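# Report on the structure
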Amino acid sequence: MKNIFIIILGFISLFSSQVNAQTTKITISGTLEDEITKTPIPFVNVVLKNNRDSSFVSGAISNENGIFTLKNISPNDYILSISLVGYKQKEMPLFVGSTSKFLNVGKLFLTENISELGEVSVTAKRDEITSKMDKKTYSVENNISQSGGSVLQAVENLPGITVQDNKVQLRGSNKVIILINGKQSALTGYGNQSGLDNIPASSIERIEIINNPSSKYDANGNAGIINIILKKEVENGLNGKVSLTTGVGSLWIRKENLPTIRSQYQFTPKINPSVSLNYRKNKINTFLQVDNLYTQKLNKNEFITRTYDDGTVINQQIKRNRNTNYLTSKIGLDWFINENNQFTVSGMFGREKIIDKGDEPFFNQNNTERLRLWQFLEEELKTTITANTFFKHKFKEPGRLLNTGINYTFHRENEQYFFDNILPTYRGKDAFKLLSDEHVIDFNLDYTHPLKYGKLETGVKLRYRDIPTDMQFFPSLISPLDTNAGGKARYNEVIPALYGNYIFENKKWEGDIGLRVEYVQLNYFVNPNHNTYKSDGYNYLQPFPNLRLGYKINDKNKLIAFYNRRVDRPTEGQVRIFPKYNDAEIIKVGNPSLRPQYTNLVELGYRHKLKKGYWVSSLYSRFTNNTITRISTKTDSSNLIYAVYQNAGNSNTTGLESVLTQDISKFFSYNLSVNAYYKQIDAFTTESKYPKPITYKSAKETIFSGNLKLNATFHFKKDLDFQITTIYLAPDIIPQGKTGSRFTLNMGLKKAIQKGKGSLFFNASDLFNTMVIRKEIKGNGFSYTSANYYETQVLRFGYSYKF
């Protein structure tokens with residue numbers, strides 16, 4: 001495997017191609033004053049000329065305040081010419097770089113007697129994939145082979161992203177923060193990932209991958225940030241998009257059930273209608289978006305073999321048939337008060353209804369004797385309501401901005417589990433109910449000031465978060481439920497933060513230097529009658545610096561170095577004290593004694609720009625202490641295993657990631673990404689307190705792993721596109737074990753109709769049904785292997801129309 005990755009990386013390094021780069025236009029501004037009186041000079045002619053041949057590029061006239069503005073300027077070398085009757089003509093060379101969309105050259109003085117040449121450096125911003133390398137942006141519409149699915153399925157095809165256990169990973173880590181329109185949301189989780197497999201991708205405009213966030217972003221998430229940008233238009237009149245997607249999954253049984261249980265789901269239907277509307281008249285823009293995703297799915301079909309040191313072997317299966325209906329709606333209004341001020345108010349409502357019907361049989365080694373059948377019905381209702389206000393003020397100087405906003409989120413989880421505990425000589429009915437109400441208030445204030453050689457960003461943020469929970473157990477006479485571990489708990493978090501970020505650029509050098517300072521006060525209040533855990537919490541005041549330094553070798557080649565310090569705070573779910581019984585004998589529990597894990601990331605990147613695409617390679621190292629993970633232990637003579645979150649010492653990952661995008665011709669284009677890395681988990685010792693104290697020791701683990709992804713798109717005549725995606729994930733290590741290799745192939749067709757306003761698509765995910773998650777876990781006194789044959793193969797057909 002190691003040799004394969006080396007060969008592939010070598011091939012990419014030697015490959016020569018022509019690649020497309022999208023250029024962002026720049027706005028240049030300045031103020032003209034009389035050199036002696038220091039008063040503004042209106043009606044001055046300002047002309048921008050090409051430095052190479054003095055050809056005209058753009059022109060403007062200063063206003064009554066002496067301010068001039070030149071818009072839609074491409075990065076290049078220019079000459080700025082300033083003239084007015086009664087004053088000497090002034091000319092100066094201008095360099096337009098690739099850092100900021102706005103440049104304020106400051107005050108320029110005119111005189112009647114002196115012609116003085118000066119040098120002014122102007123900054124700009126190009127496509128961020130090929131320039132800054134801190135962010136990659138992908139359009140969902142171009143993701144043909146996963147159109148019509150969920151957010152999780154949409155990101156699976158993107159370069160640099162892998163999916164493991166319904167969690168998104170960047171460079172082998174699932175410590176990824178998911179943002180919606182630049183903000184954290186209960187829809188996708190605060191500090192963790194949730195619901196990505198149920199949010200419809202039809203509501204998304206584009207997806208941004210940020211491996212090295214600046215200090216402007218929250219410090220949470222050591223692997224980076226994925227920012228989901230929802231659809232929205234601001235054109236005059238009525239415009240929008242409607243779409244309908246249908247599909248079917250689980251076309252055949254990949255592995256037969258263990259005996260005596262109910263059937264697996266087959267031919268599972270999916271349907272996703274979507275409407276997005278905008279209406280703008282004069283200064284008012286209103287928008288509405290409604291999506292409903294209904295799916296039936298074989299959500300889990302995991303076969304586990306547990307082997308104990310005394311020779312006992314238990315075979316079990318976890319089969320979960322799931323029905324989900326997820327309704328999301330967003331409504332809002334933009335008020336363009338004048339050219340300099342904008343006010344936006346919006347709200348979002350989400351309702352997710354989940355019904356799981358599960359079977360979990362337990363057999364002896366030969367499957368000749370059933371030891372237990374654990375059947376359950378889960379009814380879960382998640383309700384999310386958000387209210388947002390946003391105000392933007394543009395100062396007279398272009399690029400100088402003040403943004404402020406207040407966001408409120410309410411999120412309720414109402415879960416009910418009903419169990420049939422069927423033993424050889426007994427049948428009992430058990431149940432538990434969980435109610436959790438989350439309240440979040442965010443306030444932010446951001447200021448941007450353009451400079452001659454870049455810009456300055458600064459701001460403050462305050463978050464208040466409160467989550468009371470209540471768990472009630474209803475046991476039968478002979479019950480596995482730990483009724484003394486229920487009751488009430490409360491998670492309370494306050495986070496004020498201050499940040500500053502300086503961005504600069506000249507002809508050879510560019511960079512960001514930033515610092516974010518966060519104070520965190522977290523308290524977790526536990527039911528005083530809990531049989532194991534007590535109230536706990538922590539606080540810290542920590543700096544989180546970031547650095548990006550780029551050197552431009554020439555117009556086509558650039559080297560960029562990054563440094564980032566990040567934090568992953570334990571989530572409410574990870575500290576939650578209540579045992580979860582969707583698996584009767586491998587029981588998952590939180591830990592209120594968890595502490596944050598801190599990560600330092602260093603990276604050296606190389607970008608090669610060509611006419612029709614780009615090649616980007618990055619060598620990175622990530623060092624984490626207090627690594628948060630589940631540790632499985634056996635605490636007594638029973639066969640029960642408890643998987644409890646712990647801080648498991650230090651870990652590090654060093655790797656090389658390469659992304660090559662190329663347009664071979666009008667007929668064919670492709671994107672190839674390879675990530676090869678070495679991962680190490682140091683030896684560690686932890687103590688689990690639930691259900692009773694036990695110490696676990698683990699030796700050091702290492703592996704060379706990685707993944708490969710190829711997206712190939714064929715552009716046929718009559719607006720017909722065909723895309724095929726192949727993904728390979730190499731074996732990897734996790735604390736106490738490892739995961740097996742995986743491979744999948746996705747394909748899709750898209751046809752533009754109705755003069756480009758409409759489109760039809762068909763796609764198939766996991767075409768050959770090869771995606772199986774395999775794990776090996778080694779604990780104290782036991783080991784187990786598992787293989788999850790959950791639903792991965794889905795056929796979809798859809799139609800969309802823009803107007």
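Residues numbered from 1 in each chain as written. Predicted model: local features only at pLDDT ≥ 70, side-chain atom pairs only at ≥ 80, totals over all residues. Heavy atoms only, no water.

## Topic: the overall build of the protein chain
Quick note on the threshold: Where helices and strands are cited, they refer to DSSP runs of H or I of at least four residues and of E of at least two residues respectively, numbered from the N terminus. Relative accessibility under 20% of the residue-type maximum defines a buried residue, over 50% an exposed one, and the middle range a partly exposed one, all with a 1.4 Å probe and only protein chains included. Whether two residues are in contact is decided by their heavy atoms, any of which lying within 4.5 Å being enough. Calculation of accessible area relied on Shrake-Rupley with a 1.4 Å probe; when residues are assessed, cover is drawn exclusively from the protein chains displayed.
Regarding its fold elements, the protein chain presents 3 helices and 46 strands. Expressed along its principal axes, the backbone C-alpha trace of the protein chain runs to roughly 105 × 60 × 55 Å. When the 803 residues of the protein chain are sorted by exposure, 57% land in the buried category. Sequence separation of 24 or more characterises 69% of the internal contacts of the protein chain that already satisfy a separation of 6 or more. Counting only carbon and sulfur atoms, one obtains 56% of the accessible surface of the protein chain, whose full area is about 33,200 Å².

## Structural notes on empty space enclosed by the protein
If a probe as big as a water molecule is rolled over the atoms, it shows which places are left empty. So the rule is basically this: Each cavity reported here is a set of points on a 1 Å grid over the protein atoms alone in which a 1.4 Å probe fits but cannot get out, each pocket an open set with protein on both sides within 12 Å along at least five of seven lines, and each lining residue one with an atom within 4 Å of a point. Grid points are joined across faces, edges and corners, and a volume is the space filled by probe spheres set on the points. Any residue that is not Ala, Val, Leu, Ile, Met, Phe, Trp, Tyr, Cys, Pro, Asp, Glu, Lys or Arg is counted as polar, Gly included; the first ten are nonpolar and the last four charged.
All told, the structure shown has 13 cavities of 30 Å³ or more when counted by the stated rule. Volume-wise, the second largest cavity comes out at about 130 Å³. Per-element tally for the lining of the second largest cavity: the top contributor is strand β19 (residues 313-338), with 3 residues. Residues of the lining of the second largest cavity, tallied by class, amount to 8 nonpolar, 4 polar and 2 charged.

## Quick word on the pattern of salt bridges
This is how it is decided: Think of a salt bridge as a Lys or Arg side-chain nitrogen and an Asp or Glu carboxyl oxygen that are within 4 Å of each other.
In this structure the tally under the stated criterion is 36 salt bridges. R262 serves as the salt-bridge partner of D359, at 3.0 Å between the closest nitrogen and oxygen. Pair noted here: D359 is in strand β20 (residues 341-363) and R262 is in the loop between β16 (237-249) and β17 (268-281), with a separation of 97 residues, a long-range link. Judged by its relative accessible area of 0%, D359 is buried. The salt bridge partner of E457 is K455, with a shortest N-O separation of 3.6 Å. Just as E457 is buried, K455 falls in that class too.

## Some thoughts on the confidence of the model for the protein chain
The test is simple: Confidence scores here are pLDDT values: one per residue, from the predictor, ranging 0 to 100.
For the protein chain, per-residue confidence averages 88 on the pLDDT scale, and 93% of positions sit at 70 or higher. For residues 1-23, every residue scores under 50 in pLDDT, and the model assigns this stretch 54 contacts once sequence neighbours within four places are set aside. With pLDDT under 50 throughout, residues 114-130 is counted as low confidence; its partners more than four residues away or in other chains account for 75 contacts.

## Concerning the packing of aromatic side chains
What counts here: Centre distance within 6.5 Å is the pairing criterion for rings of Phe, Tyr and Trp, where only the six-membered ring of Trp is used; planes under 30 degrees apart are then read as stacked, over 60 as edge-to-face, and the remainder as tilted. Lysine and arginine charges are scored as sitting over a ring when NZ or CZ, respectively, is within 6 Å of the ring centre and within 35 degrees of the ring normal.
Counted under the stated rule, the structure contains 28 aromatic pairs. Considering the side-chain rings of Y417 and F432, the 4.6 Å spacing of their centres and the 25 degrees angle between planes classify their relative orientation as stacked. Of this pair, Y417 sits in strand β22 (residues 401-423) while F432 sits in strand β23 (residues 426-451); the two residues are 15 residues apart in sequence, bridging distant segments of the chain. For the ring pair F419 and F432, a centre distance of 5.8 Å and an interplane angle of 35 degrees mean the geometry is tilted. Taken as a pair, F419 in strand β22 and F432 in strand β23 lie far apart in primary sequence, 13 residues in all. Exposure remark for F419: the relative accessible area of 2% places this residue in the buried category. Grouped by ring-pair contacts, the aromatic residues W374, F376, Y417, F419, F432, F473 and Y581 constitute a single cluster. The ring of Y620 has R171 sitting right over it, with the charged end atom 4.5 Å from the ring centre. A cation sits over an aromatic face here: R400 above F395, 4.0 Å from the ring centre.

## Considerations on the pairing of strand β5 (residues 77-84)
So the rule is basically this: Strand pairing is defined by DSSP finding a minimum of two bridges between the two strands.
Of the strand pairs in this sheet, strand β2 (residues 45-50) and β5 are connected by 6 bridges, and their pairing is antiparallel. Each residue of the ladder has a partner; that of K49, found in β5, is I79. Both β5 and strand β6 (residues 87-96) contribute to a ladder of 7 bridges, which runs antiparallel. The residue bridging S81 from the neighbouring strand is E91, located in β6.

## A short note on the sheet that holds strand β12 (residues 176-180)
Strand order in this open sheet of 5 strands is β9-β14-β15-β12-β13, and the pairing throughout is mixed. A single partner strand is all that each edge strand has here, and the edge strands are β9 (136-139) and β13 (183-184). Strand direction decides the pairing type here: β9 and strand β14 (residues 204-210), joined by 4 bridges, are antiparallel. Bridged to S139 within β14 is R206.

## Focus on the side chain of D446
As a reminder of what qualifies: Note on charges: Lys and Arg go in the positive column, Asp and Glu in the negative column, and His and the chain ends are not counted at all.
Along the chain, D446 turns up in strand β23. Of the buried charged residues, D446 lacks a salt bridge, with K216 as the closest side chain of opposite charge at 5.6 Å. Discounting residues that sit within four places of it in the chain, D446 has contacts with L401, L402, N403, T458, G459 and Y499.

## A closer look at unusual backbone geometry
Cis geometry is adopted by the peptide bond preceding P691, which originates at Y690 and carries an omega value of -5 degrees. Among the secondary structure elements, P691 is positioned in the loop between β36 (684-688) and β37 (694-698). Unlike most non-glycine residues, F43 shows phi in positive territory, near 60 degrees. Mapped onto the secondary structure, F43 falls in the loop between β1 (26-34) and β2. The exposed category is assigned to F43, whose relative accessible area is 60%.

## Considering a nonpolar patch on the surface
We apply this condition: In this scheme, patches are assembled from residues that exceed 30% relative accessible area and form no salt bridge. Like charges are connected within 9 Å, while nonpolar side chains (Val, Leu, Ile, Met, Phe, Trp, Tyr) are connected within 5 Å.
A cluster of nonpolar side chains, contributed by Y453, L456, Y502, W509, I513, L547, L549, Y551, I553 and L559, occupies part of the molecular surface with about 850 Å² of accessible area. Sorting the residues of the nonpolar patch by element identifies β26 (509-526) and β27 (536-552) as the ones contributing at least two each. Structurally, the position occupied by L559 is in strand β28 (residues 557-568).

## Describing the environment of P475
When you line up the elements, P475 lands in the loop between β24 (454-474) and β25 (487-505). Residue classification places P475 among the partly exposed positions, given a relative accessible area of 41%. For the pair formed by P475 and G428, sequence separation is 47 residues and the distance between their alpha carbons is 8.5 Å. The contact partners of P475, leaving out residues within four places of it in the chain, are K429, D430, L481 and T483.

## Notes on the sheet that holds strand β7 (residues 102-110)
In plain terms, the rule: Each axis is a line fitted through C-alpha atoms, and for a helix only the stretch in contact is used; angles between axes span 0 to 180 degrees, taken between their N-to-C directions.
One open sheet holds the 3 strands; their spatial order is β4-β1-β7, and the pairing between them is mixed. The sheet is open, and its two edges are formed by β4 (67-73) and β7, each paired on a single side. The mean inter-strand angle of the sheet, taken between neighbouring strand axes irrespective of direction, is 20 degrees. Two strands pair when backbone bridges link them, and β1 and β7 are joined in this way by 7 bridges, in the parallel orientation.

## Here we look at the side chain of N711
The criterion, for reference: What qualifies as a polar contact is a pair of N or O atoms within 3.5 Å, subject to a donor-acceptor requirement within protein and to the restriction that residues adjacent in sequence count only when both atoms come from side chains.
When you line up the elements, N711 lands in strand β38 (residues 701-716). Side-chain polar atoms of N711 contact the side chain of T725, separated by 2.5 Å. Not counting residues within four places of it along the chain, the set of residues in contact with N711 comprises N157, S669, Y670, N671, Q723, I724 and T725.

## What to know about the environment of T368
Its location among the elements puts T368 in the loop between β20 and β21 (370-394). Along the primary structure T368 and E413 are separated by 45 residues, whereas in three dimensions their C-alpha atoms are 40 Å apart.

## Things to note about a positive patch on the surface
The criterion, for reference: For this purpose, a charge sits on NZ of Lys, CZ of Arg, CG of Asp or CD of Glu.
Positive charge collects at one region of the surface, where K556, K611, K612 and K666 lie side by side. Secondary-structure assignment places K612 in the loop between β30 (597-610) and β31 (613-625). Its relative accessible area of 40% is what places K612 among the partly exposed residues.

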